[in-house]
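Read off the chains here:
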Amino acid sequence: MNKSVVIALLVLLSFVQFSCSKKEPATPALQIPQEYDGASFVANAATQTAVLDRLAALTSEAQKGRTSGTVVTRAALDQLFTTGTPSLATVITPYFRSRLEGDGGWFDELAKASGGTYTPGPPTGQGGVLGGYLFDENGLELEQLVEKGQFGATLYNHAVSLFSGNITTATVDQLVAIYGAKPAFANSGSNNVTAANRDRAMANYAARRSDINDNNSLYVQMKNQFIKLQAAVKGGDQYTRERDEALAEIKLIWEKINAATIINYCHSAISTLSQTAPTDSQKGSALHAYGEAVGFLHGWRTINQNHKRITDAQIDQILVLLNAPQNGTPTSYKFVTDPVNELPKLTSVINQLKSIYGFTDAQIESFKVNFVNTQNR
């Protein structure tokens, strides 16, 4: 073989060996800061802050019905629901909007109940006030469906629309805002925190379920995942795996906070109504807690299954246990009139949620506590 050809082949072989042994430089590990960067938060999250404000205004109007003799009009509720860009009506799930509006909808029923008084028992009249809260004739506090139902049907549903789009640093701020947190992640919704940093909506309830001394609490987990998400998005396409990990955890923790709060309110209703001869005030308080549980659960119905763990079938099963079937007439009053036979249903609700979300016995016990109150923060 020609000597020059041999040399050329040897050179080519050496190049191939070198190319095969050469490795691409490894992607550096994502550097996650200790704190969330809120430099552009206010501007980026203006729309989400406005949605929270609109829900607060609607809730305030509904709460007027808690005062005996005060009438709330359906027109006033409808107007607040449909005002703004975006309005609550345009952000909410179509299913939940259909339950709120129209003749016989929850706005209509709340308005009919307002101005009266309520005594738990088989339905008579239109409902009214008991123990400082407004109930329909079935003993269900519709205010909680109007407000807490929208924590899922409106606020989390809006987050779903953000999850499903292009995730930018502005999107991360928007997700933090619609969750109800601020860049400071104050871990409190009380007046002990300045209004500029105070948690709202689901972030407020995350704080209530989280011991300030627990570095792995639901609140801290959520904060850490938002910080990770922001870092991954800032880092660019090489950190899409970390971005997607953070998004998946944010969805699940958000849902766990919702479930933990339902459990808290079931505990509260059981505790109060297990007493001998509870007062009217205690009965009202217990039905209020129970109504919160119904609202927090019902609002997640028809949320896209890709963005939640609980199924609509499971939600429907639990609503039946709560005596508030999604397609039937509630019998909420029975928790007051027949606690011996009815309260075990609330224990079953707790056990079902424990199984769905993998909560430990210790967590179930801790969910009895409002840590913001007990720790005065």
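Residues numbered from 1 in each chain as written. Predicted model: local features only at pLDDT ≥ 70, side-chain atom pairs only at ≥ 80, totals over all residues. Heavy atoms only, no water.

### Topic: the nonpolar core
Point 1. Counting 107 residues, the largest nonpolar core has Y179, W254, Y290 and L322 as the members making the most contacts within it.
Point 2. It is helix α12 (residues 240-273) that provides the largest number of residues to this core, a total of 15 residues.
Point 3. When neighbours within four sequence positions are excluded, Y290 is seen to be in contact with G139, L140, Y265, A269, L322, N323, A324, S332, F335 and L346. (Core = buried A, V, L, I, M, F, W, Y, C linked by side-chain atoms within 4.5 Å. Buried < 20%, exposed > 50% of the residue type's maximum accessible area, 1.4 Å probe, protein only. Helix = DSSP H or I, 4+ residues; strand = E, 2+ residues; numbered from the N terminus. Contact = heavy atoms within 4.5 Å.)

### Quick look at empty space enclosed by the protein
Point 1. This structure, assessed with the given rule, holds 2 cavities of 30 Å³ or more.
Point 2. Taken as a whole, the largest cavity encloses approximately 60 Å³ of empty space.
Point 3. In terms of lining residues, the largest cavity is bounded by E255, N258, A259, I262, L297, W300, I310, I315, L353 and Y357.
Point 4. Contributions of two or more residues to the lining of the largest cavity are made by α12 and α16 (339-357).
Point 5. At 4 residues, α12 tops the list of elements feeding residues into the lining of the largest cavity.
Point 6. Across the lining of the largest cavity, the residue classes break down as 8 nonpolar, 1 polar and 1 charged.
Point 7. The volume enclosed by the second largest cavity comes to roughly 40 Å³.
Point 8. The residue makeup of the lining of the second largest cavity, split by class, is 4 nonpolar, 2 polar and 2 charged. (1 Å grid on protein atoms, 1.4 Å probe; cavity = no way out; pocket = protein on both sides within 12 Å on 5 of 7 lines; lining within 4 Å. Points joined across faces, edges and corners; volume = space filled by probe spheres on them. Nonpolar A, V, L, I, M, F, W, Y, C, P; charged D, E, K, R; others polar.)

### Looking at the environment of S87
Point 1. In this structure, S87 sits in the loop between α4 (74-82) and α5 (88-91).
Point 2. On the basis of relative accessibility, which here comes to 4%, the residue S87 falls in the buried class.
Point 3. Distance from S87 to R54, taken between C-alpha atoms, is 7.6 Å for residues 33 residues apart in sequence.

### Re unusual backbone geometry
Point 1. Between T85 and the following residue, P86, the backbone shows a cis peptide bond with an omega angle of 0°.
Point 2. With phi around 60°, N323 is a residue other than glycine that occupies positive phi space.
Point 3. Positive phi is not limited to glycine here, since N376 has a value of about 50°.
Point 4. Among the structural elements, N376 can be located in the segment after α18 (371-374).

### A look at the packing of aromatic side chains
Point 1. Tallied over the entire structure, the rule returns 19 aromatic pairs.
Point 2. Both rings, one in Y118 and one in F135, keep their centres 6.0 Å apart while their planes meet at 45°; by these two values the pair is tilted. In this pair, Y118 is assigned in the loop between α7 (106-113) and β1 (128-130) and F135 in strand β2 (residues 133-135), connecting sequence segments 17 residues apart. Here Y118 and F135 have matching classes, each one buried.
Point 3. Summarising the aromatic geometry, the rings of F185 and Y219 are spaced 6.3 Å apart at their centres and angled 80° between planes, so their arrangement reads as edge-to-face. Of this pair, F185 sits in the loop between α9 (169-179) and α10 (201-208) while Y219 sits in helix α11 (residues 218-235), placing them 34 residues apart in sequence.
Point 4. Members of the aromatic cluster, each reached through a chain of ring pairs, are Y36, Y156, F163, Y179, F185, Y219, F226, W254 and W300. (Phe/Tyr/Trp six-rings, centres within 6.5 Å; stacked < 30°, edge-to-face > 60°.)

### Brief notes about α12
Point 1. In a regular helix each residue adds 1.5 Å, so 34 residues correspond to 50 Å; α12 covers 50 Å between its end C-alpha atoms and thus fits that length.
Point 2. Burial runs high along α12: 25 of the 34 residues are buried. (Expected span 1.5 Å × (residues − 1).)

### So, the packing of α7 against helix α8 (residues 142-163)
Relative orientation and spacing of two packed helices are given, respectively, by the angle between their axes and the distance between those axes.
Point 1. Put simply, α7 and α8 touch, their axes get as near as 9 Å, and they point 140° apart. Between α7 and α8, the angle is such that the two are oblique. The way α7 lies across α8 gives a crossing that is left-handed. Of the residues in α8, those touching α7 at W106, F107, E109 and L110 are L142, E143, L145 and V146. (Axes fitted to C-alpha atoms, helices over the stretch in contact; angles between N-to-C directions. Parallel < 35°, antiparallel > 145°, perpendicular 65-115°, else oblique. Left-handed = near helix turned anticlockwise from the far one by under 90°.)

### A word on the pattern of salt bridges
Point 1. On inspection of all chains with the given rule, the structure shows 24 salt bridges.
Point 2. Close ionic contact of E61 with K64 constitutes a salt bridge, the shortest N to O distance being 2.9 Å.
Point 3. When its relative accessible area of 15% is taken as the criterion, E61 is described as buried.
Point 4. Overall, the relative accessible area of 43% leaves K64 in the partly exposed class.
Point 5. Between D103 and R74 there is a salt bridge; the shortest N-O distance is 2.7 Å. Highlighted residues: D103 in the loop between α6 (94-100) and α7 and R74 in helix α4, separated in sequence by 29 residues.
Point 6. With a relative accessible area of 68%, D103 lands in the exposed category.
Point 7. Taken together, the shared-partner salt bridges connect R74, D78, D103, D108, E109 and K112 into one network. (Salt bridge = Lys/Arg side-chain N within 4 Å of Asp/Glu carboxyl O.)

### A look at the layout of surface pockets
Point 1. Size it by volume and the largest pocket reaches roughly 420 Å³.
Point 2. Lining the largest pocket are 24 residues, with A56, E147, F151, A201 and N204 sitting closest to its centre.
Point 3. For the lining of the largest pocket, the secondary-structure elements that each account for two or more residues are α3 (46-63), α8, α10 and α13 (280-298).
Point 4. Counted by class, the lining of the largest pocket contains 8 nonpolar, 7 polar and 9 charged residues.
Point 5. Taken as a whole, the second largest pocket holds about 210 Å³ of empty space.
Point 6. Around the second largest pocket sit 18 residues that line it, and R99, W106, L140, G328 and P330 are the ones nearest its centre.
Point 7. Listed by contribution, the elements that provide at least two residues to the lining of the second largest pocket are α6, α7 and α8.
Point 8. Considering only residue class, the lining of the second largest pocket consists of 7 nonpolar, 7 polar and 4 charged.

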